[in-house]
Amino acid sequence: MTEPVSRELRIPNETSHLAEVREAVREVISEACFPEDELNRLTLAVDESVTNVMEHAYEDDLEGEMHIEVLLEATENEFMACIRDTGRAFDPTNVPAPDLSHHVREGRRHGLGIFLMRRIMDEVSYTSGPDGRNELKL
């Protein structure tokens, strides 16, 4: 069994830093010898969760001023991502599953991030502390 591989990122609230997050996921999965066939799916789940924080948790005028912490850890058979922020509290585990046929009929291009996170990951949990700190674990 390989030792756990982990990375911690602290990125500004700017979508230009999403590539850095995706690259860190790829590195952790590769170094931990986690199955490569899961790479794209796990990268997508983490990318969607961080994107949601960037696009919805902070006021528009705070772009770049607030930071998001991304903690990644993997072994050869387990991957975990933890996303922490101090933006508006929002529990994605309470969002109902979308009607996909309606979504397609309407030609919507957004709004499936939470659905994808749930489909890809075995577990999705969310907490918001009294200190205003939100934590999403995938």
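Bear in mind that the values here come from a model prediction, so they are computed numbers and not experimental data.

A. Summary view of the overall build of the protein. Counting its regular elements, the protein contains four helices and five strands. Secondary structure elements in the protein, listed N-terminal to C-terminal, are β-α-α-β-β-α-α-β-β. A buried classification covers 37% of the 138 residues belonging to the protein. In the protein, 66% of the contacts between residues at least 6 apart in sequence involve partners at least 24 apart. Total accessible area computed for the protein in this model is approximately 8300 Å², and 47% of it derives from carbon and sulfur atoms.

B. Structural view of the sheet that holds strand β4 (residues 125-128). Across the sheet, which stays open at both edges, the five strands sit in the order β1-β2-β3-β5-β4 with antiparallel pairing between neighbours. The sheet is open, and its two borders are formed by β1 (5-12) and β4, each paired with just one other strand. Neighbour to neighbour, the strand axes of the sheet diverge by 15° on average, direction disregarded. Two strands pair when backbone bridges link them, and β4 and strand β5 (residues 134-137) are joined in this way by four bridges, in the antiparallel orientation. Pairing of Thr127 across the sheet is with Glu135, part of β5. Its contacts with the sheet place helix α1 (residues 18-31) against β1, β2 (67-74) and β3 (79-85), and it is angled at close to 175° to β1. In this fold helix α2 (residues 39-57) packs onto β1, β2, β3 and β5, with an angle of close to 5° to the strand it touches most, β3.

C. α1, seen in detail. For α1, spanning 14 residues, the distance from its first C-alpha to its last is 20 Å, which sits close to the expected 20 Å at 1.5 Å a residue. For α1, the full list of buried residues reads Leu18, Val21, Ala24, Val25, Val28 and Ile29. The buried residues of α1 occupy one face: seen down the axis, they fall within an arc of 130°. As for α1, its buried residues are in contact with β1, α2, β2 and β3. Phi turns positive one or two residues past the end of α1, at Cys33, with a value near 60°.

Analysis parameters
Residues numbered from 1 in each chain as written. Predicted model: local features only at pLDDT ≥ 70, side-chain atom pairs only at ≥ 80, totals over all residues. Heavy atoms only, no water. Helix = DSSP H or I, 4+ residues; strand = E, 2+ residues; numbered from the N terminus. Buried < 20%, exposed > 50% of the residue type's maximum accessible area, 1.4 Å probe, protein only. Contact = heavy atoms within 4.5 Å. Areas by Shrake-Rupley, 256 points an atom, 1.4 Å probe, with all protein chains shown as cover. Pairing = 2+ DSSP bridges. Axes fitted to C-alpha atoms, helices over the stretch in contact; angles between N-to-C directions. Expected span 1.5 Å × (residues − 1). Arc of directions from axis to C-beta.

Such coordinate-based values are descriptive only and should not be taken to indicate function.
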